[in-house]
Each structure stands twice: as C-alpha cells, then as structure tokens.
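# Working through the structure, step by step
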Amino acid sequence: MHAEGVEALKAQLATRFRQLQAESGLSGTELERRTAHDRKNVSAIRNSGRLPTREVLRAYDRVFGSGTELADLGERIRAAQKAVRLTELTATAGMDRPGPDHAESDGEVTETDRRQVIELGTLSALALTTQERMDTAVAHTTLDELEADADEIARVYGSAPHTSLLPEVGGRWRQIRDILSGPLTPQVRPRVTALGGQFSYFLGRLAFNANDMRSARRFAGLAARYADEVGDPVLTLSIAALRSSIAYWRQDYGKALGLLQAVGQVSDPYMDARIAAYRARTFVALGDYQATHVELDRMERSAGTFAPRPGETPVGPAGVAMFRAGMAVALGDSGMAREWGPVAVEGYSERGGDFTIEEAQHAQMTMAFVHLTGGRDAEPEEAARIARGVLSASPEGPTHTVAARLRQCAGAFVPAQRRLPEVTTFIEEFRALPAGSVSE
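Owing to the predicted nature of the structure, the values given are computational and were not obtained by experimental measurement.

### Focus on the overall build of the protein chain
In terms of helices and strands, the protein chain carries 21 helices and zero strands. Each of the 440 residues in the protein chain was classed as buried or not, and the buried ones make up 47%. Considering only contacts within the protein chain whose residues lie at least 6 apart along the sequence, 67% involve residues at least 24 apart. Summed over all atoms, the accessible surface of the protein chain reaches about 21,400 Å², with 52% contributed by carbon and sulfur.

### Examining unusual backbone geometry
Among all residues except glycine, the phi angle is most often negative; among peptide bonds, the trans geometry is most common. The phi dihedral of Ala36 falls on the positive side, at around 65 degrees, and the residue is not glycine. By the secondary structure assignment, Ala36 is in the loop between α2 (28–35) and α3 (40–46). Here Ser48, not a glycine, exhibits a phi torsion of approximately 55 degrees, which is positive. If you trace the backbone, Ser48 turns up in the loop between α3 and α4 (54–64). Ser48 sits in the partly exposed class, given a relative accessible area of 22%.

### Side note on helix α18 (residues 380–392)
Between its terminal C-alpha atoms α18 stretches 18 Å, which fits the 18 Å expected from 13 residues at 1.5 Å a residue. Those residues of α18 not exposed but buried are Pro380, Ala383, Ala384, Ile386, Ala387, Val390 and Leu391. Along the axis of α18, the buried residues cluster in a sector spanning 160 degrees; they form a single face. Contact partners of the buried residues in α18: α17 (357–372), α19 (400–412), α20 (415–418) and α21 (421–431).

### Topic: empty space enclosed by the protein
As enumerated under the stated definition, the model contains three cavities of 30 Å³ or more in all. Roughly 40 Å³ of volume is contained in the largest cavity. What lines the largest cavity is Lys10, Leu13, Ala44, Ile45, Ser48, Gly49, Arg50, Leu51, Pro52 and Ile77. For the lining of the largest cavity, the secondary-structure elements that each account for two or more residues are α1 (3–24) and α3. Looking at the lining of the largest cavity residue by residue, the classes come out as six nonpolar, two polar and two charged.

### A short note on α19
Its 13 residues place the ends of α19 19 Å apart at the C-alpha level, agreeing with the 18 Å of an ideal helix rising 1.5 Å per residue. Among the residues of α19, His400, Thr401, Val402, Ala403, Ala404, Leu406, Cys409 and Ala410 are the ones counted as buried.

### Some remarks on the layout of surface pockets
Gaps between atoms show up when a probe of the same size as a water molecule is rolled over them. As a volume, the largest pocket reaches approximately 800 Å³. Looking at the largest pocket, it is lined by 39 residues, and the ones nearest its centre are His162, Asn209, Glu396, Gly397 and Thr399. For the lining of the largest pocket, the secondary structure elements donating two or more residues are α8 (162–180), α9 (189–209), α10 (213–230) and α17. Sorting elements by how many residues they give to the lining of the largest pocket places α9 first, with five residues.

### A word on the pattern of salt bridges
For the structure shown, the criterion picks out 26 salt bridges. With a closest N to O distance of 2.8 Å, Arg54 and Glu75 form a salt bridge. Placement of Arg54 in helix α4 and of Glu75 in helix α5 (residues 69–92) is noted, with a sequence separation of 21 residues between them. According to the relative accessible area criterion, Arg54 is partly exposed, its value standing at 22%. Under the relative-accessibility criterion, Glu75 is labelled buried at 7%. Among the ionic contacts, a cluster of salt bridges with common partners joins Arg205, Arg274, Glu312, Glu358 and Glu359.

### Describing the packing of aromatic side chains
Applying the stated criterion to the full structure yields 13 aromatic pairs. Between Phe413 and Phe426 the ring centres are 6.2 Å apart and the planes differ by 65 degrees, which places this aromatic pair in the edge-to-face class. Of this pair, Phe413 sits in the loop between α19 and α20 while Phe426 sits in helix α21, placing them 13 residues apart in sequence. For Phe426, a relative accessible area of 0% puts it in the buried group. Through a chain of ring-to-ring contacts, three or more aromatic side chains come together here, namely Phe17, Tyr60 and Phe64.

Conventions used here
Residues numbered from 1 in each chain as written. Predicted model: local features only at pLDDT ≥ 70, side-chain atom pairs only at ≥ 80, totals over all residues. Heavy atoms only, no water. Helix = DSSP H or I, 4+ residues; strand = E, 2+ residues; numbered from the N terminus. Buried < 20%, exposed > 50% of the residue type's maximum accessible area, 1.4 Å probe, protein only. Contact = heavy atoms within 4.5 Å. Areas by Shrake-Rupley, 256 points an atom, 1.4 Å probe, with all protein chains shown as cover. Expected span 1.5 Å × (residues − 1). Arc of directions from axis to C-beta. 1 Å grid on protein atoms, 1.4 Å probe; cavity = no way out; pocket = protein on both sides within 12 Å on 5 of 7 lines; lining within 4 Å. Points joined across faces, edges and corners; volume = space filled by probe spheres on them. Nonpolar A, V, L, I, M, F, W, Y, C, P; charged D, E, K, R; others polar. Salt bridge = Lys/Arg side-chain N within 4 Å of Asp/Glu carboxyl O. Phe/Tyr/Trp six-rings, centres within 6.5 Å; stacked < 30°, edge-to-face > 60°.

Structure representation (structure tokens):
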C-alpha cells in the first residue's frame, strides 16, 4: 500500500461524507450540535485531511443513518496507513534491497517475503481494530437497556396506540440492525440476535394490524431467521402465530393450519394456549368441528396468567372466554355464545395480563353477533349500538381483524333491520372509515 492509496481512500471517505451530508441537509454547525463533536471534524473529512477518531465517525453514521459505512472507511484508512508505515520501516531496514551477490531468484524470494510481511502487518492491524470494534459495538446502546425496552413494549403493546408504538419499535429495530452489521463477540451476539427477532416481530405485528401484509410478511421472515439462530420458543411460536394469522385472514386456511403444525414440536407455557386457540379457529373455518372442540379444550387447559414477554399476548381467562364465544358464533351455537360472550367482555374490562384492545373489541363484536341471532328474539339495534361503540373506541381506526368483524356485522343486517335508526347510523359510520382500513 503506497501513500497515494491512503489518499485515495481519504478521497472516497470525503466524497461519501459530502453525499450523506447533502442528503441530510445538515450543516457543520448542526452536526456539531447533534453529535457534540467539533465541526472541525467535518472540514477535515470533506478536505481529505486528518482522519477523525472512531467515535466521531460512528457518531456521524448514527446521524446520517448510514450503518457503519463511514466507520468502516475509517478502519480501511487506518489499516492502509499502518501498511505504509510498515513498508517504510522494512525499506529502512534494507528488506527491499537485495544484496549485490544475490541471484535474480533470490531477489524474487526477497520481494515475496517483503509482500508477505506487509500483508501480515495489514491483516494484524485489521485484527486489532476488529477486536476494538467488538469491544465497543454496543457501548452506546447497552443491551440491558434494549432488553428493558423490549419488555416495556411487550407490557404496553395491547393498550398503547399503534401509531405511537411504531416509531419506538422502529427506532430500536434500527439500532439492533446497525449493531448486527458490525463485529460482535460470541458472548454478545445471542442477546443482540434475540432482540433483533423481538423487534422484527413487533414490527410485523404492527404491519399486520395496519393491513400492510407485504411488510408483515417481510418482518415475520426476518424475525424467523433470528429465532432460528437463538432457539427462543416464545419468539418461534409468536412468529408462527403471526404468519398463520396472515394466511387465516386471507382465507387461506390450509396454509394457516400448516404454519401452526410446522411448530408442533415447539412448546412453551406462555404460548401453548394461543397456538391451540389459533388451531381451533382454523379448524372451524375448515369445517372440522370435532378438532375445533379438542383444540378449545387444549387451549383452556394451557391458559394461565403470565407477565408479558416480547411476543404474542398470552391467553388468560378473558381470552379463553373470547375464543370460546367466537368459535360458538362460527359454529352456530347460540347457547354457547351467550354463555361465554358476557364472560369475555367482563374479563377484558378488568384489563388483566391477557388484555389487548383488539381482543377486547373482538369480545364485544361477538356480543353484537349474539344479538343478531335468535330469530324473533334478535336485537339488531343493540348489535348496532355495540358495533358503534367499537368504532368510536378506535380513534386511529380499527385494526385489520376488528375491521373485518365490523364488515361482517354490517353485512349481516337484513333489509328490514337496515331501516332501524341505530343500524342505519352504524352502517353510515362504518362506511365513513378511511379507504383501506376495512379492506381484506
């Protein structure tokens, strides 16, 4: 490596820095404010001058959102500079000058030896910087803090507005992605990989709730890769549940069941009831009512009260009642629906460990369907009143699955019922939802 090679790398760094700075629209003064590093560093980089410290380049990468691009260029420049210094040292020691008595072949061997020394010096410099990067890769965002963030997101996920969760989850997912793009010690990597899977899962679930199935599939696929590496059963089962849900709500019931059966050998008390419930609803859709009841019984035996963990929400007492009532409606068992529906609504009103706004609204929609059954005893206006309550409780708009239930309800009223004031109002309010919020 010659001096001009170092300068070429510096010019490459300068060019890329100018591009990133132009794209961000940040001046040197603004970069100084955001990173707390002197703006003279900006001038040094732009003019191919003194190479700033590693911390400065990492700070600019974070501001520009460029991963480790600038820091990596910095490492290449440092390695090149060390190679140049080594070349100068070996030249001073006479290693590049064969003695007058050496044959031509001896000169070739000496030249080969010199290149090997230079190459080893370059590689050893890179080995040193790689170790240094491993030691500092998570210095600015501790894993303890990120794990605490994942636990907090799991705790509030069911009740927090998803528009406020998205930037929180997305920001942490970006941090993990940047950490994983650099070298990590074997001791640290499993923790970082688990966090990558958890935040990817949360983003997939948020995308699913927003009816962005393309993004939901992508995040679920990425989360599955992380889960395969760390072998976390809760994460593995949560991803399977998400993928099955995507297929289920697209009415691809065979695929939905297959995705659940594919993790049949994986088990965790936190998730077992949820997986059984999802199998039950799929068997209903496939017309296998005996298997439905088997899975509902398995769900109830596995249900319990758990502290929230990153992944799906566990099924507790309210969830058991909600799924039993929902399956009863699907099976046309009005007696069972009337028995379990009120239990589910009351259970979710206590906002226990298995509470989510989405499933509490599913419980309410089940009661709306209960009021639509019974022939002459049907209470269509009460059904419409409940559905309107669900609509008004969703200022951000209902989730994808709740919107589907509202659509089913709106389509279940017969012509004579549609003339009733409460029913007419519900249907009008439902139709006023923003385009896309009620699509399949």
